[in-house]
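Structure at a glance
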Amino acid sequence: VGHRLRSCLPSRWVRCHSLPASKRYPDDSEEKAEVLRRHQLTMDDLREASGRSDSGSMLWVAVGFWSEQPDDIRCPEYIADLSPDWLHWHSKSPEEAEGESWFNLWVTEVSADSPELVAILTAVAGEQLGNLVLAPHSLDWLYHPYGGGADVTCYTTLGRDALKVRRVNWLSVH
């Protein structure tokens with residue numbers, strides 16, 4: 001999912017790493033805390049830039065997964081365990097998804113300061129969850145966390161530039 005954001009909106013895209021020196025995976029509790037801190041601070045920056053800096057603001061969470069059968073749209077347990085309110089949103093056929101399997105999208109909403117969001121970001125950092133995008137209801141920005149950081153798509157190039165200045169030490173050189 002995230003790789004498409006970069007190619008569709010390159011002028012508004014930026015990548016932030018979640019650990020110093022572009023380290024991909026946390027080894028201990030201190031590094032795990034740093035990963036979560038960077039995710040939260042980056043999303044705080046994005047909310048602030050869009051005029052919605054309240055920590056209790058709601059976020060859409062969209063996650064995709066593959067299935068072999070068109071009628072196999074049950075929410076996988078590992079996703080359902082992260083938040084109780086997932087809804088099946090859309091399925092793409094193998095032809096539409098450019099693959100051999102069906103691609104299913106599930107959505108939920110979580111508060112920006114909720115335990116559910118922490119659980120989701122922790123699962124992403126541990127590579128137990130992928131194909132995920134977070135966004136405010138306004139869709140002012142899109143946040144695609146992955147094992148080593150996050151791909152961010154801002155509403156404007158000015159927003160992207162402001163984020164790059166604010167988080168210059170977290171930026172990817174790729």
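Remember, predicted model here, so these are calculated numbers, not experimental data.

1. Things to note about the overall build of the protein chain
Along the protein chain, the regular secondary structure elements total 5 helices and 7 strands. Secondary structure elements of the protein chain occur, N-terminal to C-terminal, as α-β-α-β-α-β-β-α-β-β-β-α. A compact globule built from 174 residues would reach a C-alpha radius of gyration of about 16 Å, and the protein chain, at 16 Å, matches this within 12%. Overall size of the protein chain, expressed as C-alpha extent along the three principal axes, is 45 × 35 × 30 Å. A burial count over the protein chain gives 46% of its 174 residues as buried. Residue pairs at least 24 apart in sequence account for 65% of intrachain contacts in the protein chain once pairs closer than 6 positions are excluded. Approximately 9,400 Å² of the protein chain is accessible, and the part contributed by carbon and sulfur atoms is 53%. A distance of 9 Å separates the average location of the 17 positive side-chain charges in the protein chain from that of its 26 negative side-chain charges.

2. A word on helix 2 (residues 29-49)
In this model, helix 2 (21 residues) spans 30 Å end to end at C-alpha, consistent with the 30 Å of a helix rising 1.5 Å per residue. Of the residues making up helix 2, those classed as buried are E34, V35, R38, H39, Q40, T42, M43, D45, L46 and R47. Between the side-chain oxygen of the N-cap and the backbone nitrogen of E30 there are 3.2 Å, and the N-cap of helix 2 in question is D28. Following helix 2 by one or two positions, G51 adopts a phi angle in the positive range, close to 80°.

3. Considering the side chain of T42
Within the element layout of this structure, T42 appears in helix 2. Among all residues touching T42, those that are not within four sequence positions of it are Y143, V152, L163 and W170.

4. Here's the deal with the pattern of salt bridges
Under the counting rule described, the total for this entry stands at 11 salt bridges. With a closest N to O distance of 2.9 Å, R37 and E34 form a salt bridge. Remark: E34 and R37 occur in helix 2; sequence separation between them is 3 residues, near one turn of the helix. For E34, a relative accessible area of 17% puts it in the buried group.

5. Let's talk about the packing of aromatic side chains
Using the criterion set out here, one finds 1 aromatic pair in the structure. R167 extends its terminal NZ or CZ atom over the ring of W170, reaching a point 4.6 Å from the ring centre.

6. Considerations on unusual backbone geometry
Positive phi values are uncommon outside glycine, yet A21 reaches one of about 60°. Assignment of secondary structure puts A21 in the loop between strand 1 (13-17) and helix 2. For A21, a relative accessible area of 80% gives the class exposed. The phi dihedral of S22 falls on the positive side, at around 60°, and the residue is not glycine.

7. Some points on the state of the cysteines
Tallied over the full model, the rule gives 0 disulfides. C154 supplies the cysteine sulfur nearest to C16, a cysteine that is in no disulfide, at a spacing of 8.6 Å. Residue C16 is classed as buried on the basis of its relative accessible area of 4%.

The rules behind each value
- Residues numbered from 1 in each chain as written.
- Predicted model: local features only at pLDDT ≥ 70, side-chain atom pairs only at ≥ 80, totals over all residues.
- Heavy atoms only, no water.
- Helix = DSSP H or I, 4+ residues; strand = E, 2+ residues; numbered from the N terminus.
- Rg over C-alpha atoms; globule rule 2.2 N^0.38 Å.
- Buried < 20%, exposed > 50% of the residue type's maximum accessible area, 1.4 Å probe, protein only.
- Contact = heavy atoms within 4.5 Å.
- Areas by Shrake-Rupley, 256 points an atom, 1.4 Å probe, with all protein chains shown as cover.
- Lys, Arg positive; Asp, Glu negative; His and termini not counted.
- Charge placed at Lys NZ, Arg CZ, Asp CG, Glu CD.
- Expected span 1.5 Å × (residues − 1).
- Polar contact = N/O pair within 3.5 Å; in protein donor to acceptor, adjacent residues only side chain to side chain.
- Salt bridge = Lys/Arg side-chain N within 4 Å of Asp/Glu carboxyl O.
- Phe/Tyr/Trp six-rings, centres within 6.5 Å; stacked < 30°, edge-to-face > 60°.
- Lys NZ or Arg CZ within 6 Å of the ring centre and 35° of its normal.
- Disulfide = S-S within 2.5 Å.

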